[in-house]
Amino acid sequence: MARSLWEGFSDGTILVGVGVSLRRLFIGYSISLIVGLPLGLGLARSKVLEDSLGTIVTGMQALPSICWLPIALIWFGLSETAILFVVVAGSLFSITIATTAGVRNVPPLLVRAARTMGARGPQLYFRVILPASLPGILSGMRLGWTFAWRSLMAGELLFVSGGLGQLLATGRELRDMSRVLAVMVTIVGLGLLTDVLVFDRLEQRVRERWGTDRA
Amino acid sequence: MIRISQVSKHFISRTGSHHALDSVSLDIADGQFVCLVGPSGCGKSTLLNLIAGLEMPDSGSVTVFDTPVTAPGPDRSVMFQDSALFPWLSVRKNVEFGLELANVPRSEWQGRVETFLKKVHLWRFRDAYVHELSGGMRQRVALARSLAPDPRVLLMDEPFASLDAQTRDVLHVELQEIWRATQKTVVFVTHNVREAVRLGDRVIMLATRPGRIKHDVKIDLARPRESEGDVAYYVGRIMKELKVEVDKVMREEMGDAWQPTPGDLPSGPTGGVGGGI
Ligand SMILES: Nc1ncnc2c1ncn2[C@@H]1O[C@H](COP(=O)(O)OP(=O)(O)OP(=O)(O)O)[C@@H](O)[C@H]1O
Ligand SMILES: [Mg+2]
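Note that the coordinates shown come from a computational prediction; the quantities given were computed from them, not determined experimentally.

Caption draft 1: Structural context of the overall build of chain B. Of the regular secondary structure elements, chain B holds seven helices and ten strands. In summary, chain B has a C-alpha radius of gyration of 19 Å against a globular reference of 19 Å for 277 residues, a match within 12%. Reported as C-alpha extents along the three principal axes, the dimensions of chain B are approximately 60 × 40 × 35 Å. Counting every position in chain B, which comprises 277 residues, the buried fraction comes to 53%. A separation of at least 24 residues holds for 66% of the contacts in chain B among residues at least 6 apart in sequence. In the form shown here, chain B has an accessible surface area of approximately 12,200 Å², with 50% of it arising from carbon and sulfur atoms. For chain B, the centre of its 34 positive side-chain charges and the centre of its 35 negative side-chain charges are spaced 2 Å apart.

Next up, the structure:
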């Protein structure tokens, strides 16, 4: 298996797969963040939004992301867009829900205190509520990243796409166990790497600041 | 002057309608230090929140310096039992936040932060984060944050209630010192009658269900108030009245299970007459 891993890297197939997959992941995840964070903030603060979209978002989150694939294929065909759609659908709602929860968990006393100092409207929102919900939002982003990653692999496995998922699929067709394992190790490695390098560090910094690491 | 006239306030909740305040009228002169005491649930916090503008009365009016209160504002600082400091900001930034909201020009921030953090003896901790401070230190930062924008009124809702007796003692001295120097109007809610007598020009006792003013005691003692004898005289007087009210509340809340102990003054773990209710 180590040899497969080595071969895969040296002949470039795994590296190319990694590149293709990561690119999709970044694009899909970014879209999820750009839509999910504001949506989550809106849901937490607006009764109208909550009443109209709240249940839908919760319901959608319960749907395994691969269930979006048929819709994606009907709408976009066997294309890059279809895969991105699956990635976004798979991560968007968990980001939204975690953000909403983060805002709802802000201690009301902090908001009261800020109001007594004269904070109102957007100032109250961006200077107090938003930073106060940062720990919740961060865990939502982390969850979203994991889900985006999983959705991507599921999507890539199912049709010819050029990413890591497809390498898994071809490995299976060739019944090449060590190759399959090599790709899986790569996937786990990438997941761990981003978790440790990005999210662990961010959360650690927030925990130090907040003092929650000493609980 | 703070003028509260004929103010009534109800709260509607799942358990029914609470008559929190019943046509309460109260005038507080500029520079006066007024303490509010009374049994739990009698509406002390509600009264304070009305002055702060966090709540609106059902009827009656609240005016501060001839302006009707319609919203919270930096001219009336509020301190709570919990420091309510922002954990993502350093001590210095917490104080600056209040200055920014009060539209104090940026050029003055540095000086004011230094002045007030030194007043509460925490200048050394200006770059610390909230979780690195003890409870007493947090309340002192909160005090500095309240004072720095130079509000005309300081509203304090049991600000020292969760501190140990020694720390509270130190803060009493600091607060009196600051009050003497700045001559702000202070409204101070407490459960601790000794604290009220020690700090206040006036101690106002509220009765419960519905909340209304039962006694308004002027404390005629020289400051600083160290003399145990004089303080004890007022404490005893107010405690006797308070006991009647507390018994009433307990009977209502606990029904037959409540056995009042005749003549026994309630005393808390901090010890002493009126240490806690
Ligand atoms: N937001 C609210 N919703 C419903 N009821 C409330 C609300 N705020 C206060 N009350 C009720 O109003 C009454 C007065 O409350 P308030 O908090 O002013 O009492 P308090 O004197 O400050 O009590 P404590 O000494 O325990 O702090 C209580 O019966 C309380 O249940
Ligand atoms: Mg209260």
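Caption draft 2: Layout of the nonpolar core. With 90 residues, the main nonpolar core has Leu164 of chain A together with Ile4 and Phe86 of chain B as its most contacted residues. For this core, the element with the highest residue contribution is helix H5 (residues 80-104) of chain A, accounting for eleven residues. Discounting chain neighbours no more than four positions away, the residues touching Phe86 of chain B are Leu110, Ala114, Met117 and Val128 of chain A together with Asn94, Phe97, Val130 and Arg145 of chain B. Counting 52 residues, the second-largest nonpolar core is a separate cluster that includes Val130, Leu163, Leu199 and Leu242 of chain B.

Caption draft 3: Structural view of the site of ligand 1. All names here are of chain B. In the region of ligand 1, the neighbouring residues are Phe11, His18, Ala20, Ser40, Gly41, Cys42, Gly43, Lys44, Ser45, Thr46, Glu158 and His191. Residue Gly41 places a main-chain N or O atom 2.8 Å away from an oxygen atom belonging to ligand 1. The side chain of Lys44 places a nitrogen or oxygen atom 2.7 Å from an oxygen atom of ligand 1. Out of a free accessible area of 630 Å², ligand 1 has 68% covered by protein chains. Within the residue set of the shell around ligand 1, elements represented by two or more residues are strand E2 (16-28) and helix H1 (44-52). Of the residues forming the shell around ligand 1, the biggest block, three residues, is contributed by H1. Per-class residue counts for the shell around ligand 1 are three nonpolar, seven polar and two charged.

Caption draft 4: Summary view of the pattern of salt bridges. In total, this model carries 22 salt bridges over all chains according to the counting rule given. Across the pair Glu156 of chain A and Arg24 of chain A runs a salt bridge, and its minimum N-O distance is 2.6 Å. On the criterion of sequence distance, the pair formed by Glu156 of chain A in helix H8 (residues 134-158) and Arg24 of chain A in helix H2 (residues 13-45) is long-range, its members being 132 residues apart. The class for Glu156 of chain A is buried, based on a relative accessible area of 0%. Here Asp75 of chain B ties to Arg76 of chain B by a salt bridge, and the two come within 3.3 Å at their closest N and O atoms. The class of Asp75 of chain B is partly exposed, set by a relative accessible area of 31%. Here Arg76 of chain B falls in the buried class, since its relative accessible area comes to 6%.

Caption draft 5: Here's a closer look at the side chain of His172 of chain B. Residue and element names in this part refer to chain B. Its location among the elements puts His172 in helix H5 (residues 165-182). Residue His172 is classed as buried on the basis of its relative accessible area of 4%. Among all residues touching His172, those that are not within four sequence positions of it are Phe160, Glu195, Arg198 and Leu199.

Caption draft 6: Highlighting the confidence of the model for chain B. Residue and element names in this part refer to chain B. Mean pLDDT over chain B: 84, with 91% of residues reaching 70 or higher. Low pLDDT (under 50) marks residues 264-277, which in the prediction has 25 contacts with non-local residues, meaning those over four places away or in another chain. For this predicted complex, the interface confidence reaches an ipTM of 0.82, while the overall pTM sits at 0.81.

Caption draft 7: Just the pairing of strand E4 (residues 59-64) of chain B, in detail. All names here are of chain B. The pairing of strand E1 (residues 2-13) with E4 spans five bridges and is antiparallel. Bridge pairing in E4 places Ser8 opposite Ser59. Sheet topology places E4 next to strand E5 (residues 67-68); two bridges connect them, and they run antiparallel. Following the sheet pairing, Thr63 is matched in E5 by Pro68. The antiparallel hairpin formed by E4 and E5 contains two residues in its connecting segment, where Phe65 sits at a positive phi of about 50°.

Caption draft 8: Quick peek at the interface of chain B and chain A. Facing the 23 residues of chain B at the interface are 20 residues of chain A. When the buried surface of chain B facing chain A is broken down by residue, Trp88, Leu101 and His131 of chain B rank first, second and third, together holding 34% of it. At the boundary of chain B with chain A, the tally comes to one salt bridge. Taking the shortest distance from any N to any O, the salt bridge between Glu100 of chain B and Arg127 of chain A comes out at 2.7 Å. Our count for the chain B to chain A interface comes out at five residue pairs in polar contact (both at pLDDT 80 or more). Sorting the residues of the side of chain B that touches chain A by element identifies strand E6 (76-79) and helix H2 (91-101) of chain B as the ones contributing at least two each. The leading source of residues in the side of chain B that touches chain A is H2 of chain B, at four residues. Taken together, the residues of the side of chain B that touches chain A break down into 14 nonpolar, five polar and four charged.

Definitions and cut-offs
Residues numbered from 1 in each chain as written. Chains lettered and ligands numbered in written order. Predicted model: local features only at pLDDT ≥ 70, side-chain atom pairs only at ≥ 80, totals over all residues. Heavy atoms only, no water. Helix = DSSP H or I, 4+ residues; strand = E, 2+ residues; numbered from the N terminus. Rg over C-alpha atoms; globule rule 2.2 N^0.38 Å. Buried < 20%, exposed > 50% of the residue type's maximum accessible area, 1.4 Å probe, protein only. Contact = heavy atoms within 4.5 Å. Areas by Shrake-Rupley, 256 points an atom, 1.4 Å probe, with all protein chains shown as cover. Lys, Arg positive; Asp, Glu negative; His and termini not counted. Charge placed at Lys NZ, Arg CZ, Asp CG, Glu CD. Core = buried A, V, L, I, M, F, W, Y, C linked by side-chain atoms within 4.5 Å. Near = heavy atom within 4 Å. Polar contact = N/O pair within 3.5 Å; in protein donor to acceptor, adjacent residues only side chain to side chain. Nonpolar A, V, L, I, M, F, W, Y, C, P; charged D, E, K, R; others polar. Salt bridge = Lys/Arg side-chain N within 4 Å of Asp/Glu carboxyl O. pLDDT = per-residue confidence, 0-100. Pairing = 2+ DSSP bridges. Buried area = accessible area lost by both parts, 1.4 Å probe.

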